[in-house]
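# Overview (structure and organization)
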Amino acid sequence: MSADLLTDLTVFVLSLLVGFEVISKVPATLHTPLMSGANSIHGIVVVGAMLIAATVHGPLGYVLAFVAMAFAAMNVVGGYLVTDRMLQMFRARPRVAPTADPAAPAGRNGSDPS
Amino acid sequence: MSVFDTVVHLVYLAAAVCFVLGLHEMNSPATARRGNRLSAAGMAVAVATTAVVIIHDGTITATGWAVLLTGGALGAGVGLYAARSVQMTAMPQLVSVFNAVGGGAAALLAVNDLVQSGHVIPRTAVTGALDIIIGGVTFSGSVIAAGKLQGLVPGRPIVFPGARLANPLIAALFTGAAVWLIAQPKSVVPLVLVTVAALAFGVTMVLPIGGADMPVVISLLNAFTGTAVAMAGFVLGNTVLIIAGALVGASGSILTKLMADAMNRSIGNIIIGGFGTGDSAVPVGTAGASVREVAADDVAIQLAYASKVIIVPGYGLAAAQAQHELAGLGELLESRGIEVDYAIHPVAGRMPGHMNVLLAEANVPYPLLKEMDEVNPEFARADVALVVGANDVTNPAARRPGNAVSGMPILDVDRAKSVIVIKRSMGHGYAGVDNELYTDPKTGMFFSDAKKGLAALTAAVKTLVGTS
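Residues numbered from 1 in each chain as written. Chains lettered and ligands numbered in written order. Predicted model: local features only at pLDDT ≥ 70, side-chain atom pairs only at ≥ 80, totals over all residues.

### Concerning the overall build of chain B
In terms of helices and strands, chain B carries 16 helices and seven strands. Seen through its C-alpha atoms, chain B measures out along the principal axes to roughly 80 × 50 × 35 Å. When the 468 residues of chain B are sorted by exposure, 56% land in the buried category. Of all intrachain contacts in chain B linking residues separated by at least 6 positions in sequence, the fraction that spans at least 24 positions is 79%. (Helix = DSSP H or I, 4+ residues; strand = E, 2+ residues; numbered from the N terminus. Buried ≥ 20, exposed ≤ 12 C-beta atoms within 10 Å, placed from the backbone. Contact = placed C-beta atoms within 7 Å.)

### Let's talk about the interface of chain A and chain B
Taken together, the contacts link 92 residues of chain A with 104 residues of chain B. Here the side of chain A that touches chain B takes 27 residues from helix H4 (residues 58-87) of chain A, the largest share from any one element. When grouped by side-chain class, the residues that make up the side of chain A that touches chain B number 58 nonpolar, 24 polar and 10 charged. (Nonpolar A, V, L, I, M, F, W, Y, C, P; charged D, E, K, R; others polar.)

### Focus: the pairing of strand S7 (residues 443-447) of chain B
All names here are of chain B. Of all five residues making up S7, four are buried, and the element is well covered by its neighbours. As paired strands, strand S1 (residues 292-293) and S7 are joined by two bridges and run parallel to one another. Residue Arg 292 lies in a different strand from S7, and its bridge partner there is Gly 444. (Pairing = 2+ DSSP bridges.)

### Comments concerning the domain arrangement of chain B
Residue and element names in this part refer to chain B. Under the domain assignment used here, chain B contains domain 1 (1-85), domain 2 (91-278) and domain 3 (292-467). Domain 2 and domain 3 are separated by 37 Å when their C-alpha centres are compared. If you look at the interface, domain 2 gives 19 residues, while domain 3 gives 13 residues. Within the residue set of the side of domain 2 that touches domain 3, elements represented by two or more residues are helix H4 (91-116), helix H8 (214-236) and helix H9 (239-262). Within the side of domain 2 that touches domain 3, the residues separate by chemical class into 13 nonpolar, six polar and no charged. (Domains from an automatic or database assignment.)

### Re the packing of helix H3 (residues 45-53) of chain A against H4 of chain A
Residue and element names in this part refer to chain A. Interaxial distance between H3 and H4 falls to 8 Å at its minimum, and their mutual angle equals 155 degrees. Taken as axis vectors, H3 and H4 run roughly antiparallel relative to one another. The two elements H3 and H4 cross, and the hand of that crossing is left-handed. When H3 is examined against H4, the residues Val 45, Val 46, Ala 49, Ile 52 and Ala 53 are found in contact with a partner set consisting of Ala 65, Ala 68, Met 69, Ala 72, Ala 73, Asn 75 and Val 76. (Axes fitted to C-alpha atoms, helices over the stretch in contact; angles between N-to-C directions. Parallel < 35°, antiparallel > 145°, perpendicular 65-115°, else oblique. Left-handed = near helix turned anticlockwise from the far one by under 90°.)

### Brief notes about H9 of chain B
All names here are of chain B. Its 24 residues give H9 an end-to-end C-alpha distance of 35 Å, which sits within 8% of 34 Å, the value for a rise of 1.5 Å per residue. For H9, the buried fraction is high: 21 of the 24 residues fall into the buried class. Asn 264, located one to two residues past H9, shows a positive phi value of around 65 degrees. (Expected span 1.5 Å × (residues − 1).)

### Regarding the confidence of the model for chain A
If pLDDT is low for a region, its predicted coordinates should not be looked at in detail. All names here are of chain A. Scored by pLDDT, chain A has a mean of 83; 81% of the residues are at 70 or more. Considering each helix and strand of chain A separately, the mean pLDDT is smallest for helix H1 (residues 3-23), with a value of 92, and largest for H4, with 94. This stretch, residues 97-114, has a pLDDT under 50; its non-local contacts, to residues over four places away or in other chains, come to 24 contacts. (pLDDT = per-residue confidence, 0-100.)

### Some remarks on the sheet that holds strand S5 (residues 384-388) of chain B
Residues and elements named next belong to chain B. Spatial ordering of the open sheet is given by S1-S7-S6-S5-S2-S3-S4, a layout of seven strands whose pairing is parallel. In this open sheet, the two edge strands, each paired with only one partner strand, are S1 and strand S4 (369-371). Sheet analysis places strand S2 (residues 308-313) next to strand S3 (residues 339-344), joined by four bridges and oriented parallel. Counterpart to Val 309 in the pairing with S3 is Val 340. Relative to S7, helix H11 (residues 296-304) is tilted by about 130 degrees, and along the sheet it contacts S2, S5, strand S6 (419-423) and S7. Along the sheet, helix H14 (residues 354-361) contacts S2, S3 and S4; its crossing angle with S3, the most-contacted strand, is approximately 145 degrees.

### Some thoughts on the pairing of S3 of chain B
Residue and element names in this part refer to chain B. S3 sits mainly inside the fold: six of its six residues count as buried. Side chains of S3 alternate between two faces, with Glu 339, Asp 341 and Ala 343 and Val 340, Tyr 342 and Ile 344 buried alike. Taken together, S3, H14 and S4 constitute a β-α-β crossover, and its handedness is right-handed. (Right-handed = clockwise from strand over helix to strand, strands pointing away.)

### A short note on H4 of chain A
Here H4 of chain A contains 30 residues, and its C-alpha end-to-end distance of 43 Å stays within 8% of the 44 Å for a straight helix at 1.5 Å per residue. Within H4 of chain A, 22 of the 30 residues are buried, which leaves it mostly tucked inside the rest of the structure.

### Some details on the nonpolar core
Core analysis: the largest hydrophobic core is formed by 205 residues, its most contacted members being Ala 49 and Ala 68 of chain A together with Leu 109 of chain B. Here this core takes 18 residues from H4 of chain A, the largest share from any one element. (Core = buried A, V, L, I, M, F, W, Y, C linked by C-beta atoms within 7 Å.)

### Quick notes on the environment of Gly 48 of chain A
Structurally, Gly 48 of chain A is set in helix H3. Owing to 28 C-beta atoms within 10 Å, Gly 48 of chain A belongs among the buried residues under this scheme. Taking the C-alpha atoms as reference points, Gly 48 of chain A and Leu 14 of chain A, separated by 34 residues in sequence, lie 21 Å from one another. Those residues in contact with Gly 48 of chain A that lie beyond four places of it in its chain are Leu 109, Ala 232, Leu 236, Asn 238 and Leu 241 of chain B.

### Considering the environment of Gly 407 of chain B
Locating Gly 407 of chain B in the fold gives a position in the loop between S5 and S6. Sequence separation between Gly 407 of chain B and Ile 311 of chain B is 96 residues; the distance between their C-alpha atoms is 23 Å.

### Structural notes on the confidence of the model for chain B
When the pLDDT values of chain B are averaged, the result is 88; 95% of them are 70 or greater. Every residue in residues 274-287 of chain B scores below 50 in pLDDT, and together they form 42 contacts with partners more than four places removed in sequence or on other chains.

### Let's talk about unusual backbone geometry
Working note: non-glycine residues mostly have negative phi, and peptide bonds are mostly trans. Residue and element names in this part refer to chain B. Phi is positive for Gln 321, close to 55 degrees, though the residue is something other than glycine. Within the secondary structure layout, Gln 321 lies in the loop between helix H12 (315-319) and helix H13 (323-335). Gln 321 sits in the partly exposed class, given 14 other C-beta atoms within 10 Å. Residues other than glycine seldom take positive phi values, yet Asn 363 does so here, at roughly 75 degrees. Checked against the element boundaries, Asn 363 lands in the loop between H14 and S4. Take Asn 363: there are 18 C-beta atoms within 10 Å of it, and that puts it in the partly exposed class.

Rendered as structure tokens:
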């Protein structure tokens with residue numbers, strides 16, 4: 001096993017652990033945007049698609065690079081935009097405040113940042 | 001390592017840091033949007049750097065540029081259109097499609113690498129074979145999952161004769177072909193065999209899984225995609241792909257586990273399948289059970305004079321597109337000074353956290369959206385629990401051993417002082433068992449379509465309040 005492979009393996013395992021640590025703190029409320037956001041992160045495959053587009057020769061190579069490029073670009077652009085669209089809908093208070101809300105005690109929800 | 005290479009590596013590292021910090025900011029709805037933008041900025045930097053690398057290397061042909069730019073523009077255009085136009089109820093399908101294209105792209109990178117390289121080292125052959133298998137399974141599996149969610153493929157489990165044998169056989173086929181490919185990385189036959197077998201496996205894996213198990217399946221395919229991208233990183237020797245892929249793999253794994261636990265199923269049990277029959281409730285009438293039917297006016301009186309109401313939305317609400325009507329009723333009650341909370345079970349909807357997005361879209365403030373563990377102790381204080389389109393997750397039978405829902409984490413709806421269930425019929429949930437909540441003496445059944453029923457309740461409360 002080469003030193004390169006060992007380094008890559010180390011990076012992979014540590015990244016998995018960082019991922020577990022960070023993501024286990026995401027509240028269930030945000031699981032859909034989380035998944036969609038993680039989806040956009042795996043759009044990083046676009047970098048790989050660009051690199052192969054730069055090295056391929058011949059029709060088969062070009063076709064593979066084209067499809068990979070289209071798939072990856074769709075993944076990354078669509079993923080980030082739709083995640084942003086979802087997250088902008090999450091509001092702490094409604095757009096139009098209720099006319100009266102006397103019963104809502106302060107600190108009713110610990111995660112309320114406002 | 002030249003200065004150029006060092007700088008490129010450091011920039012990729014910075015992009016990876018942006019991804020991790022971006023995910024970290026997702027720990028609260030208040031910072032999540034900023035987190036996503038940070039992650040997107042990291043991505044933009046990584047893409048720009050790669051463009052600089054390509055120009056610097058100078059090996060790209062004019063055709064290569066054309067392929068890169070037209071492919072990129074086409075994909076970006078489709079992604080842009082899909083992201084702008086998708087309905088929030090269709091979010092699981094879209095996420096599935098993104099899983100499919102991400103996994104597909106990762107698999108293509110490995111195929112290309114094996115086809116193009118003059119000399120394939122064993123390390124590339126092994127990770128390449130893994131990449132093609134995982135990416136291929138993800139691609140076809142996610143396409144089928146999206147088809148099921150969209151209704152293009154029947155949502156019920158599709159079990160064909162010999163299906164139980166098909167999966168192990170295909171798995172044996174791609175394992176054998178992968179070994180062959182690793183031994184002879186330059187031959188075409190094993191490459192084609194691995195690819196075809198992986199694609200077939202994705203189909204036979206997802207087809208027998210029922211619609212109601214989709215939250216688990218999507219999460220699992222998400223984890224697969226991440227792993228496939230990480231494998232592509234191994235093949236290309238690109239660290240940022242490995243890091244990003246591992247992060248997604250971790251995220252998908254956690255969500256898979258959470259969903260499977262919340263549905264009281266093991267992951268293996270879901271993959272073997274044939275049980276999750278979706279929400280195709282079989283109307284069994286009210287035979288043998290005495291239920292108390294209530295009218296809109298009775299429900300309105302209970303709601304209008306309550307001091308605390310907990311609303312329990314389920315998939316039926318989303319299916320009826322009634323989230324706006326529900327939010328309207330909630331707002332009306334709140335304006336009367338009634339404390340209103342929404343109790344969200346982890347599997348409410350068709351993907352993890354789906355119901356929260358639907359209610360957020362309907363303008364329900366997120367502090368009112370309560371997770372199961374947070375809201376369960378509050379049911380005892382609630383005057384009315386209003387269940388809309390949720391079934392199995394409210395069944396008190398889950399607390400007893402010996403039935404299909406035993407051990408399933410449920411919302412303690414039956415502990416509220418009074419329960420109202422809006423439902424079209426006495427049909428079963430996907431577990432196929434009677435819900436004991438419905439025959440509880442303090443439960444009133446309001447038989448109606450969720451959308452019409454909620455509109456009727458809102459009107460009834462308004463009339464009541466206006467005349468009082």
